[in-house]
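# Remarks on the overall topology
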Amino acid sequence: MNPINVREFIAGTPFNRFHAGMLFWSCFIITFDMYDLVVYGSVLPVLMEEWSLGPVAAGAIGSYGIFGMMVGAILFGILADRLGRTRVLTLSVVLFSVASALCGFAPNPEVFSVLRFIGGLGIGGILPCLIAMLTDYAPRNRANTLVAVVMCFFSVGGILAAFVSMLALPVFGWQSVYWVAALPLLFLPLMTRYFLDSPASLLEQGKTAELRSALGKVNPTAVPALDATFTVSQAKEPGSPVTALFRNRRALGTLMIWVAFFMCLLMINGLTTWLPKLMVEAGYDLNSSLTFMVVLNVGAIIGTLVLGKLSDKWGVKRVLVPMFVVSAVSLTLLGFGSNMAVLLLLVAVTGACTMGAQNISYSFVAQYYPSSIRSTAIGLASGVGRMGAILGPTFGGVLLTLSLPVEMNFLFFAIPGLIAALAFFFVPLGRKGTPKDALQGADAGSPVAEPR
């Protein structure tokens, strides 16, 4: 009997009920992942009054969650490749759900801050596991689309936080808004049925029974025989998964990806924080400025889905580089616009080409590296990106203190987009002639091929 090539087995499997279940629960987790992160903004006015918090203290509490996300993305990304994604993903869900729910019982700002940080750890650990898992088990030419759909549910989580706050806060108090965060715990037994470890790691550890079970879930119509043997396209690389990011001609690519993520999230967080204020500075009333924020997020959702589909067809890098250039151009033009319809169009394009492209960037990272270090790669890229996210609002604040012309403010926000485009452009894809679908399915990911 010929050994079963795990990558080809998964890549050749049609999208089925199991894939749909994995996608559904991934979207569910991401929704509450974002809910737990942004719900603080909804209860902030109440907390400031109840605990007599000043703006600086309130802002610091908000930063603890983001800092926890940065640490969690790096720490749990590395642990996922060492201990298995199923364990780390389960731990991350429990951590952010329990910590966020306990925020509703916090007696003072100090306890609340600690719980925010712990919840941030769990939130940060979600993406490295989920995106790596979806990429490992996606059918051929579906990985980018699946990741795109999941990333759209960040916006759904933000919307859910707003609606829950409007309904529950006036009636049950701010504590109840955090108790809702415990809901994922109720569904955890159903979720874990769709959590799968890396097929390459399972094979490397000799867990052939678990690998056979995983492949049987992915394709119930072609369950491997009990005596089947398996192969993967790439063997597990020796040494630390962190140092592996810089081996085999990946050093330049890794550094450029980190630069791109830092600039992407600096631009996005700075823009989402200051766009209403920038538009007020440009002469628009506050209601119109808030409309721009809605359009920005709608553009992000549409852009994520469209770019995901285009990436499956043309390759992620071919989509990312021009999209970040377009984002810089549209941002620059915002400073010169005057017609409302044109401005709304430019804002929508900006959302699609900044937030939408950043969402697809995670798919690029997942496919650029071997399966055995994929979670580590996503976690570190996300962690470095979070540093930019923390700096973004400060960057915008400094610009406004300089009292520059409106056009210059938008131009400065556009510069990180150009740097991100250049960074992705210089990520080497490897030898010519490598099949374009070489990164699809299980054990995908190497700079000898083009991420699709």
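A brief look at the structure comes next. Here the structure is a predicted model, which is why all the values come from computation and not from measurement. (Residues numbered from 1 in each chain as written. Predicted model: local features only at pLDDT ≥ 70, side-chain atom pairs only at ≥ 80, totals over all residues. Heavy atoms only, no water.)

## Comments concerning a nonpolar patch on the surface
How we decide: A patch is a set of surface residues, each over 30% in relative accessible area and not in a salt bridge, joined within 9 Å for like charges and within 5 Å for the nonpolar side chains Val, Leu, Ile, Met, Phe, Trp and Tyr. Residue burial considers only the protein chains on display, and all accessible areas are found by Shrake-Rupley using a 1.4 Å probe. One side-chain nitrogen of Lys or Arg within 4 Å of one carboxyl oxygen of Asp or Glu is enough to make a salt bridge. Under the DSSP-based scheme used, a helix requires at least four consecutive residues in state H or I and a strand at least two consecutive residues in state E, with every element numbered from the N terminus. Three exposure classes are used, based on accessible area relative to the maximum for each residue type with a 1.4 Å probe and protein chains only: buried under 20%, partly exposed in between, and exposed over 50%.
Together, V259, M408, L411, F412, I415 and I419 give the surface a local cluster of nonpolar side chains, amounting to about 400 Å² of exposed area. Broken down by element, the nonpolar patch gets its largest block of residues, five residues, from helix α18 (residues 406-425). Mapped onto the elements, I419 comes out in helix α18. We classify I419 as partly exposed; its relative accessible area is 31%.

## Focus on helix α15 (residues 316-334)
Note: α-helices contain 3.6 residues per turn, so residues at a spacing of three or four share the same orientation. The line we're drawing: Here, expected helix span is obtained from the residue count minus one, scaled by 1.5 Å.
Its 19 residues give α15 an end-to-end C-alpha distance of 27 Å, which sits within 8% of 27 Å, the value for a rise of 1.5 Å per residue. Looking only at α15, the buried set comprises V316, K317, V319, L320, V321, F324, S327, A328, S330, L331 and L334.

## Some words on unusual backbone geometry
Of note, the phi angle at N141 is positive, near 60 degrees, even though the residue is not glycine. Among the structural elements, N141 can be located in the loop between α5 (109-137) and α6 (143-172). The class of N141 is partly exposed, set by a relative accessible area of 33%. In this model, N248 sits at a positive phi of 55 degrees, which is unusual for a non-glycine residue. Mapped onto the elements of the fold, N248 is located in the loop between α12 (241-244) and α13 (251-281).

## Here's the deal with the nonpolar core
Definition in use: To define a nonpolar core, start from buried Ala, Val, Leu, Ile, Met, Phe, Trp, Tyr and Cys residues and group those joined through side-chain atoms within 4.5 Å. In what follows, residue pairs with any heavy atoms lying within 4.5 Å of each other are defined as contacts.
Counting residues in hydrophobic clusters, the biggest one holds 111 residues, and the most contacted among them are Y137, I257, L275, F324, F364 and F424. Sorting elements by how many residues they give to this core places α13 first, with 13 residues. In this structure F424 touches A260, F261, C264, K317, L320, V321, F324, S361 and F364, once residues within four positions along its chain are discounted. Listed in part, the 21 residues of the second largest apolar core include W51, I61, A161 and V177.

## What about the packing of α15 against helix α16 (residues 340-368)?
Our working definition: Axis definition: a line fitted to C-alpha atoms, over the contacting stretch in the case of helices. Angles run 0 to 180 degrees between N-to-C directions. For classification purposes, an angle smaller than 35 degrees is called roughly parallel, one larger than 145 roughly antiparallel, one from 65 to 115 roughly perpendicular, and anything else oblique. By the definition used in this description, the sense in which the near helix is turned from the far one sets the handedness, with an anticlockwise turn below a right angle giving left-handed and a clockwise turn giving right-handed. Basically, the charged four are Asp, Glu, Lys and Arg, the nonpolar ten are Ala, Val, Leu, Ile, Met, Phe, Trp, Tyr, Cys and Pro, and anything else, Gly included, counts as polar.
Running from N to C, α15 and α16 point in directions that differ by 150 degrees, and their axes come no closer than 8 Å. On the basis of their axis angle, the class for α15 and α16 is roughly antiparallel. With respect to the hand of their crossing, α15 and α16 are arranged in left-handed fashion. Among the residues making up the contact of α15 with α16, the classes are represented as 16 nonpolar, seven polar and one charged.

## Thoughts on the packing of α6 against α16
Running from N to C, α6 and α16 cross one another at 140 degrees; their axes reach a closest spacing of 9 Å. By the criterion of interaxial angle, the relationship of α6 to α16 is oblique. For the pair α6 and α16, the crossing hand works out as right-handed. Counted together, A143, N144, V147, A148 and M151 of α6 and N359, I360, Y362, S363 and Q367 of α16 form the full contact between these two elements. Class assignment of the residues belonging to the contact of α6 with α16 gives a composition of six nonpolar, four polar and no charged.

## So, the side chain of N409
Considering the arrangement of structural elements, one finds N409 in helix α18. What makes N409 buried here is its relative accessible area of 4%. In contact with N409, not counting residues within four places along its chain, are L278, L399, L400 and L404.

Spatial relationships are all this shows, so hold off on functional conclusions.
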